[in-house]
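# Examination of the molecular architecture
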Amino acid sequence: MPMNLILLGPPGAGKGTQAKKLVKRYSIPQISTGDILRSAVKDQSPMGIKAKGFMDSGALVPDEVVVGIVDERLDKSDCVNGFVLDGFPRTVAQANALKAMLAAKGRTLDHVVSISVDKDELLERITGRRTCKACGKGYHVLFDPPRLADKCGECGGELFQRDDDREDTMVKRLDVYDEQTAPLIAYYESESLLRSLPGTGSIDDIFQRIVSIVEGK
Ligand code: AMP
């Protein structure tokens, strides 16, 4: 049975972490528009060059750019059994575009899982976030510190902080979330697709809540 999911929540809610666990359990791909855009920025592709300024300031990249990314990505063969959208949609216009593109592909959404976390905790989580340059593994300076300072415990790669995870940009990203993305909670509630859960507790506790939802337990 296909599993077509959206993870909704503010930056720092743990969408990426939970998406990776869903990938393993259900063999469906994680579609993270943020990851795809960061890779385009790194490659200095025309799309990356266009997106960089928006991303560095904590603003959203224009809807048509991300809608195009997702439309193409959903046609790849690894999406046959489903997908987990992480960081998309982020505006009502994107949600409408997603609805239209899924209808055109003869697909429907199964669940929109909304993860909520207090603002103070989000700031603490995000500003402590570090990522390995080489293998992409995530760390947190307080909650999941690497054994050797600034080095990845898996591959020895150098750890870095995302430019947009710094405190000033983070405050802006949370405002953008409140203004442009939070309305999607009501949007999906009215479509009877919304399932909300608290994003607090251990990573595994949160994952179990998500599994209960998507397996209908
Ligand atoms: P993320 O890793 O999901 O927090 O995304 C990082 C940045 O990429 C965001 O702050 C936006 O600038 C951009 N971005 C990612 N996904 C979207 C989206 N669905 N719509 C617009 N901008 C996005």
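All residue numbers refer to positions counted from 1 along the written sequence of the respective chain. With the structure being a predicted model, the display of local features is reserved for residues of pLDDT at least 70 and the display and counting of side-chain atom pairs for 80 or more, all residues being used for whole-chain, interface and lining totals. Note that water and hydrogens are dropped before the side-chain values are worked out from all heavy atoms of the structure.

Leu184, Tyr187 and Tyr188 are the residues of helix α8 (residues 183-190) that are buried. Buried residues in α8, looked at end-on, bunch into an arc of 85 degrees, giving them a common side. Opposite the buried face of α8, by more than 90 degrees, sit the exposed residues Glu189 and Ser190. Here, residues are in contact when the closest pair of their heavy atoms is within 4.5 Å. Helical segments are the DSSP runs of H or I of at least four residues, strand segments are the runs of E of at least two, and each set is numbered from the N terminus. Residues of α8 that are buried in the fold lie against β1 (3-8), α5 (92-104), β4 (111-116), α7 (167-181) and β8 (194-198). Relative accessible area decides the class of each residue, using a 1.4 Å probe on protein chains only: under 20% of the type maximum gives buried, over 50% gives exposed, and in between gives partly exposed. The directions considered for the arc are those from the helix axis to the C-beta atoms.

Contacts to the ligand come from 16 residues, most closely from Thr33, Arg38, Ala59, Gly87 and Gln94. Here an oxygen atom of the ligand sits 2.9 Å away from a polar atom, N or O, in the side chain of Arg38. Two N or O atoms form a polar contact when they lie within 3.5 Å of each other; inside protein one atom must be a possible hydrogen donor and the other a possible acceptor, and for residues adjacent in sequence the pair counts only when both atoms belong to side chains. Separating a nitrogen atom of the ligand from a backbone N or O atom of Gly87 is a distance of 2.9 Å. Out of a free accessible area of 480 Å², the ligand has 96% covered by protein chains. For the shell around the ligand, the element with the most residues is helix α2 (residues 33-43), which contributes 4 residues. Class assignment of the residues belonging to the shell around the ligand gives a composition of 7 nonpolar, 4 polar and 5 charged. For each residue, the test is whether any non-hydrogen atom lies within 4 Å of the molecule or strand; if one does, the residue is near. We get accessible surface area from the Shrake-Rupley algorithm with a probe of 1.4 Å; when it comes to residues, only the shown protein chains can shield them. Under the convention adopted here, Pro, Cys and the residues Ala, Val, Leu, Ile, Met, Phe, Trp and Tyr are nonpolar, Asp, Glu, Lys and Arg are charged, and Gly plus all remaining residues are polar.

In this analysis an axis means a line fitted to C-alpha atoms, helices contributing only their contacting stretch, and an angle means the value between N-to-C directions, from 0 to 180 degrees. Running from N to C, α2 and helix α3 (residues 46-57) cross one another at 115 degrees; their axes reach a closest spacing of 8 Å. Taken together, α2 and α3 sit at an angle that is classed as roughly perpendicular. For the element pair α2 and α3, the recorded crossing hand is left-handed. Facing Gly34, Ile36, Leu37, Arg38, Ala40 and Val41 of α2, the residues of α3 in contact are Met47, Gly48, Ala51, Lys52 and Met55. Here the contact of α2 with α3 is built from residues that sort into 7 nonpolar, 2 polar and 2 charged. Throughout this description, any angle smaller than 35 degrees is read as roughly parallel, any larger than 145 degrees as roughly antiparallel, any in the 65 to 115 degree range as roughly perpendicular, and the remainder as oblique. A clockwise turn of the near helix away from the far one marks a right-handed crossing, whereas an anticlockwise turn of less than a right angle marks a left-handed crossing.

With that out of the way, let us pick up the sheet that holds strand β7 (residues 159-160). In this scheme, strands are said to pair when DSSP sees at least two bridges between them. Pairing within the open sheet is antiparallel, and its 3 strands lie in the order β6-β5-β7. The sheet is open, and its two borders are formed by β6 (138-140) and β7, each paired with just one other strand. The pairing of strand β5 (residues 129-132) with β6 spans 3 bridges and is classified as antiparallel. Residue pairing in the sheet places Thr131 in a bridge with Gly138 of β6. Sitting on the sheet, helix α6 (residues 119-127) is in contact with β5 and β6, with an inclination near 30 degrees to β5.

Time to look at the pairing of β5. Taking the residues between adjacent antiparallel strands as the criterion, β5 and β6 are bridged by 5 residues, where Gly136 takes a positive phi near 85 degrees. Pairing analysis gives 2 bridges linking β5 to β7, with the strands arranged antiparallel. Within β7, the position partnered with Thr131 by the bridge is Phe160.

With respect to burial, strand β3 (residues 82-86) is a largely interior element, 5 of its 5 residues being buried. What you see with β3 is no split at all: Gly82, Val84 and Asp86 on one side and Phe83 and Leu85 on the other are buried throughout. Two strands pair when backbone bridges link them, and β1 and β3 are joined in this way by 5 bridges, in the parallel orientation. Each residue of the ladder has a partner; that of Leu7, found in β3, is Asp86. Bridge count for strand β2 (residues 30-32) against β3 is 3 bridges, and the pairing is parallel.

All right, on to unusual backbone geometry then. The omega torsion across Phe88 and Pro89 is -5 degrees, close enough to zero to call that bond cis. You can see Pro89 is positioned in the loop between β3 and α5. The backbone phi angle of Gln44 is positive, close to 55 degrees, even though this residue is not glycine. One can find Gln44 in the loop between α2 and α3. Even without being glycine, Asp150 reaches a positive phi, approximately 60 degrees. Mapped onto the secondary structure, Asp150 falls in the loop between β6 and β7.

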